[in-house]
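# Examining the three-dimensional arrangement
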Amino acid sequence: MADLKRMPQGSRFLFEPFQYGPKEFQEAQEKILEMKFAAVDMRLERIEVLIERMERRLWLTVYGVTATILAQAAKTLLTMTPTGGP
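The following paragraphs examine the structure supplied in this document. Throughout, a residue's number is its position along its own chain's written sequence, starting from 1. With the structure being a predicted model, the display of local features is reserved for residues of pLDDT at least 70 and the display and counting of side-chain atom pairs for 80 or more, all residues being used for whole-chain, interface and lining totals. To obtain the side-chain values, all non-hydrogen atoms of the structure were included, while hydrogens and water were left out.

## So, the overall build of the protein
- In DSSP terms, a helix is any run of H or I states spanning at least four residues, a strand is any run of E spanning at least two, and both are numbered starting from the N terminus. When helices and strands are tallied, the protein shows one helix and zero strands.
- To sort residues, take the accessible area from a 1.4 Å probe on protein chains only and compare it with the maximum for the residue type: under 20% means buried, over 50% means exposed, and anything in between is partly exposed. Relative to its full complement of 86 residues, the protein shows a buried share of 0%.

This is the structure in C-alpha cells:
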C-alpha cells in the first residue's frame, strides 16, 4: 500500500529539531528589544529634525509678517510728512 507517512513540504529547516532553552530565549528577547529601541530612536530623531524645520519656518513667517507691518507703518509715516515748505 501507499506510504501513509506524510513528508513535509517546503524548507527542511522548519522541521528540524533544535534545542531552545531559557538562556537562548532571553538572548532572543534582548536582541528584539534592542532592535525595537533602535527603531524608536531613529523615529524620534526624525521627528526632532522635522520639529526644528517647522520651528525655523514659523520664525521666518513671524519675521516676515513683522517686517511687512513695519514697512507699511514706515510708508504711512513717510507719506504723511510734508515734503515742501510754505
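## Focus on a nonpolar patch on the surface
- A grouping of Val40, Leu44, Ile47 and Ile51 is seen on the molecular surface, where their side chains present a nonpolar patch of about 330 Å² in accessible area.
- One can find Ile51 in helix H1 (residues 22-80). Note on patches: the residues involved have over 30% relative accessible area and no salt bridge, like charges join within 9 Å, and the nonpolar side chains Val, Leu, Ile, Met, Phe, Trp and Tyr join within 5 Å. Note on areas: Shrake-Rupley with a 1.4 Å probe; residue coverage comes only from the protein chains shown. Between Lys or Arg on one side and Asp or Glu on the other, a salt bridge is scored when a side-chain nitrogen of the former is within 4 Å of a carboxyl oxygen of the latter.

## Structural notes on a negative patch on the surface
- On the surface, Asp41, Glu45, Glu48, Glu52 and Glu55 cluster together into a negatively charged patch.
- Along the chain, Glu45 falls in helix H1. Charge counting treats Lys and Arg as positive and Asp and Glu as negative, with His and both chain ends excluded. Working definition for charges: the position is that of NZ of Lys, CZ of Arg, CG of Asp or CD of Glu.

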